[in-house]
Amino acid sequence: MRTGVRLGIDVGKVRIGVSRSDPHGMLATPVETVARSEDAADRRRIAEIVTELGVFEIIVGLPLALSGAHTASTADAVGFATALGADVDVPVRLVDERLSTVSAHSALRASGKNAKSARPVVDQVAATIILQHALDAERATGHPPGTSIEPNIGP
């Protein structure tokens, strides 16, 4: 198992959930919710978090249909991950996130939060679930999870 802090990202149309791992890669915890923006302010904030926490890798959730097919959200997440990869000096990986948001809503309901009160944190919880899944997969296989995003270099 590689050591170092990883960042987990759940890309949504309105908000982006951010989570982090401990330096040993054992446990994922929520960090914050970043507002999605058209002007790259969201990616700049995530880049700041990467620097603040000394992150060595970013895990972005890849939303797929239950069948495994790509959707409009898949293209959005890949586009965001690719742009983020060009903005930071750490590797970005895509990891299957099917049902992470559903799991996040279930966990928040179980803790007594209703849908309205959960809205500000559900994206953080989804990012935490995505990152924890990636950590567990790496621990089980000995290989980095998901697939690597190669940033576009040049015009």
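Residues numbered from 1 in each chain as written. Predicted model: local features only at pLDDT ≥ 70, side-chain atom pairs only at ≥ 80, totals over all residues. Heavy atoms only, no water.

A. Region of interest: the side chain of S21. Summarising the element assignment, S21 is placed in strand β2 (residues 15–21). Ignoring any residue separated from it by four or fewer positions in sequence, one finds S21 in contact with G4, V5, R6, L27, A28, L131 and L135. (Helix = DSSP H or I, 4+ residues; strand = E, 2+ residues; numbered from the N terminus. Contact = heavy atoms within 4.5 Å.)

B. Structural context of the sheet that holds strand β1 (residues 6–11). Spatially, the 6 strands line up as an open sheet ordered β3-β2-β1-β4-β5-β6, and their pairing is mixed. The sheet terminates laterally at β3 (28–35) and β6 (147–149), the two strands that pair on one side only. On average, adjacent strands in this sheet sit at an angle of 30° to one another, irrespective of strand direction. Note that strand β5 (residues 92–96) and β6 share 3 bridges and pair antiparallel. Following the sheet pairing, V92 is matched in β6 by I149. (Pairing = 2+ DSSP bridges. Axes fitted to C-alpha atoms, helices over the stretch in contact; angles between N-to-C directions.)

C. Just the environment of V125, in detail. The topology assignment puts V125 in helix α4 (residues 115–141). Classification of V125 by relative accessible area gives buried; the value is 18%. Note: C-alpha distance between V125 and T33 (92 residues apart in sequence) is 9.7 Å. (Buried < 20%, exposed > 50% of the residue type's maximum accessible area, 1.4 Å probe, protein only.)

D. Main features of the pairing of β1. A large share of β1 lies buried, amounting to 6 of its 6 residues. Neither face of β1 is open: one carries R6, G8 and D10, the other L7, I9 and V11, and all of them are buried. Both β1 and strand β4 (residues 57–62) contribute to a ladder of 4 bridges, which runs parallel. Among the inter-strand pairings, I9 is bridged to a residue of β4, identified as V60. As paired strands, β1 and β2 are joined by 5 bridges and run antiparallel to one another.

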